[in-house]
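# A structural walkthrough
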Amino acid sequence: MTLRPHQYESCIQIDEAIFLLNSGQPVAIPTETVYGLASKIDSAYGLEQIFKIKARPFFDPLIVHVSSIDQAKSLSLNWNCIADSLSSHFWPGPLTLVLEKSNKVNDLITSGLTSVGIRMPNHPIALKLISACGPLAAPSANKYGRTSPTRATHILEEYQGCIPVVDGGPCEIGIESTIIKVHSDREISILRPGMISQMQVELALSRAGITCSWINSKKEISPGSMKHHYMPSIPLIITLKQKTDHDIIMNYLSEVAHLPNQVEGVTIHKPQNINKIYRLLLPDTPQMAARELYALLRHTPKDADLIVIHWSHSPSDQAWSSIWDRLKRAATLIL
Ligand code: TXA
Ligand code: MG
């Protein structure tokens, strides 16, 4: 696939997406969480293109999207009562289950791991594409380390029309799925927080009569769980105390000098000339904040040099924890 700017200046229709996917090409598709860059799981070419287009390192595995529980079962070896209970409770929806992979899943998808992340997205277009083409491997469609797209236009802009995109409207959830690893029928861990909370998972399992324990998630992180991720194009600064613009600029200039140019392959932009600060107010509820967060981080005024978000929620506020997880990785500095 030669990437030609402006080849796809507008979105493509579902039929064209099915044709492209079935011929082994990658296509950006909507889900309820964020847009994904999808390829059929048996197209080595399409899978390689995903890593190339996103500039994603090959050690960071992809999630496989299914449209039925049977598909999920065929991709995994240790489908058990926990997988049964969580999938029937939360799918289609923003929950990814990491299970032992079957030989239907190749090493390119899992980066050589023996496990695979599987999810059934709750979006009619994604489900239609999977039903027509089979399981689709898809990471979020942003360039590596950057903010995930939650609108089709985000992708058209980010890649200057180089890649085909199906428009499914603004994403309902707005942040990436919760990832749960199923270790056995007694042990699970949370690899990435999301809108489905640990408490909701516990509740669903206990209602199904399943008792299991959580393995310490700090030791169990995803290969793609980077310190810096979701970074907008201009630096994001989070303040934990109210500060004047002048103080923020002074603090930024003195601290940014000590930051490296790159962290885990993600470039840290460090402009030195700061004239204008854009104060971004998050919506009041965690649901609305999640839905709007990435669009707000992308749509900053053209003349702004820094985005500043003041964080006033308690660190122990569970309802805001997945948003805090994204913000602290998106931030260049927390002041
Ligand atoms: O909501 C979502 O999950 C979106 C939509 C498109 O479905 N996808 C998404 O994919 O966020 P991505 O690639 O941006 O993030 C997936 C994360 C990565 O951090 C990756 O390392 C981790 O999942 N992951 C994938 N397979 C894994 C595995 N077998 N074991 C541990 N972590 C895994
Ligand atoms: Mg991502």
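Okay, so let's go over this structure.

The buried fraction of strand β2 (residues 36-40) amounts to 5 of the 5 residues, a majority that puts the element mostly inside the structure. Burial along β2 is two-sided: Gly-36, Ala-38 and Lys-40 and Leu-37 and Ser-39, pointing in opposite directions, are all buried. Summarising the sheet, strand β1 (residues 27-29) and β2 pair through 3 bridges and their orientation is antiparallel. Each residue of the ladder has a partner; that of Ile-29, found in β2, is Gly-36.

Attention shifts here to unusual backbone geometry. For the peptide bond that leads from Trp-91 to Pro-92, omega is -10 degrees, which places it in the cis range. Mapped onto the elements, Pro-92 comes out in the loop between α4 (81-90) and β4 (95-100). Backbone geometry places Gln-160, a non-glycine residue, at a positive phi of 50 degrees. Relative to the helices and strands, Gln-160 is located in the loop between α7 (152-158) and β7 (178-182).

Strand order in the open sheet made by the 9 strands is β1-β2-β6-β3-β5-β4-β7-β8-β9, with mixed pairing throughout. Where the open sheet ends on each side, the last strands, each with one partner, are β1 and β9 (213-214). The strands touched by helix α2 (residues 44-54) within the sheet are β2 and β6 (136-137), with β2 carrying the most contacts at an inclination of about 160 degrees. On the sheet, α4 packs against β4, β7 and β8 (187-192) and is oriented at approximately 160 degrees with respect to β4.

This brings us to the site of ligand 1. For ligand 1, the set of nearby residues contains 25 residues, the closest of which are Thr-33, Asp-60, His-65, Ser-140 and Ser-177. At 3.0 Å, a side-chain N or O of Ser-115 approaches a nitrogen atom of ligand 1. At a separation of 2.8 Å, an oxygen atom of ligand 1 approaches a polar side-chain atom of Ser-140. Protein contacts shield 96% of the accessible area of ligand 1, which totals 670 Å² for the unbound molecule. Per-element accounting of the shell around ligand 1 gives the leading share, 4 residues, to strand β5 (residues 115-119). Across the shell around ligand 1, the residue classes tally to 11 nonpolar, 9 polar and 5 charged.

What follows covers α4. Every buried residue of α4 is accounted for by Ile-82, Ala-83, Ser-85, Leu-86, Ser-87 and Phe-90. Here the buried face of α4 lies against α3 (69-75), β4, β7, β8 and α8 (198-207). Regarding α4, its N-cap is Asn-80, as a side-chain oxygen of that residue lies 3.0 Å from the backbone nitrogen of Ile-82 further along.

Next up on the list: the nonpolar core. Core analysis: the biggest nonpolar cluster contains 46 residues, and Leu-86, Trp-91 and Leu-97 have the highest contact counts within it. Non-local contacts of Leu-97, meaning those with residues more than four positions away in its chain, are made with Ala-83, Leu-86, Ser-87, Trp-91, Val-116, Gly-117, Ile-118, Ile-180 and Val-182. Core analysis: the next-biggest nonpolar cluster, separate from the first, contains 22 residues, Tyr-230, Leu-280, Ala-290 and Ala-330 among them.

Further remarks concern the environment of Ser-140. Along the chain, the position of Ser-140 falls in the loop between β6 and α7. For Ser-140, a relative accessible area of 16% translates into the label buried. Residues Ser-140 and Lys-54 lie 86 residues apart in sequence; the distance between their C-alpha atoms is 9.2 Å. Setting aside its immediate chain neighbours within four residues, Ser-140 contacts Val-34, Tyr-35, Gly-36, Leu-37, Lys-54 and Ser-148. In this structure the side chain of Ser-140 is engaged in a polar contact, spanning 2.6 Å, whose partner is the side chain of Asn-142.

Okay, the side chain of Glu-32 next. In this fold, Glu-32 is placed in the loop between β1 and β2. Judged by relative accessible area, which is 4%, Glu-32 ranks as buried. Dropping the residues within four chain positions of it, Glu-32 is found in contact with Gly-93, Pro-94, Arg-119, Pro-121, Asn-122, His-123, Cys-171, Glu-172, Ile-173 and Gly-174.

Conventions we followed
- Residues numbered from 1 in each chain as written.
- Chains lettered and ligands numbered in written order.
- Predicted model: local features only at pLDDT ≥ 70, side-chain atom pairs only at ≥ 80, totals over all residues.
- Heavy atoms only, no water.
- Buried < 20%, exposed > 50% of the residue type's maximum accessible area, 1.4 Å probe, protein only.
- Helix = DSSP H or I, 4+ residues; strand = E, 2+ residues; numbered from the N terminus.
- Pairing = 2+ DSSP bridges.
- Contact = heavy atoms within 4.5 Å.
- Axes fitted to C-alpha atoms, helices over the stretch in contact; angles between N-to-C directions.
- Near = heavy atom within 4 Å.
- Polar contact = N/O pair within 3.5 Å; in protein donor to acceptor, adjacent residues only side chain to side chain.
- Areas by Shrake-Rupley, 256 points an atom, 1.4 Å probe, with all protein chains shown as cover.
- Nonpolar A, V, L, I, M, F, W, Y, C, P; charged D, E, K, R; others polar.
- Core = buried A, V, L, I, M, F, W, Y, C linked by side-chain atoms within 4.5 Å.

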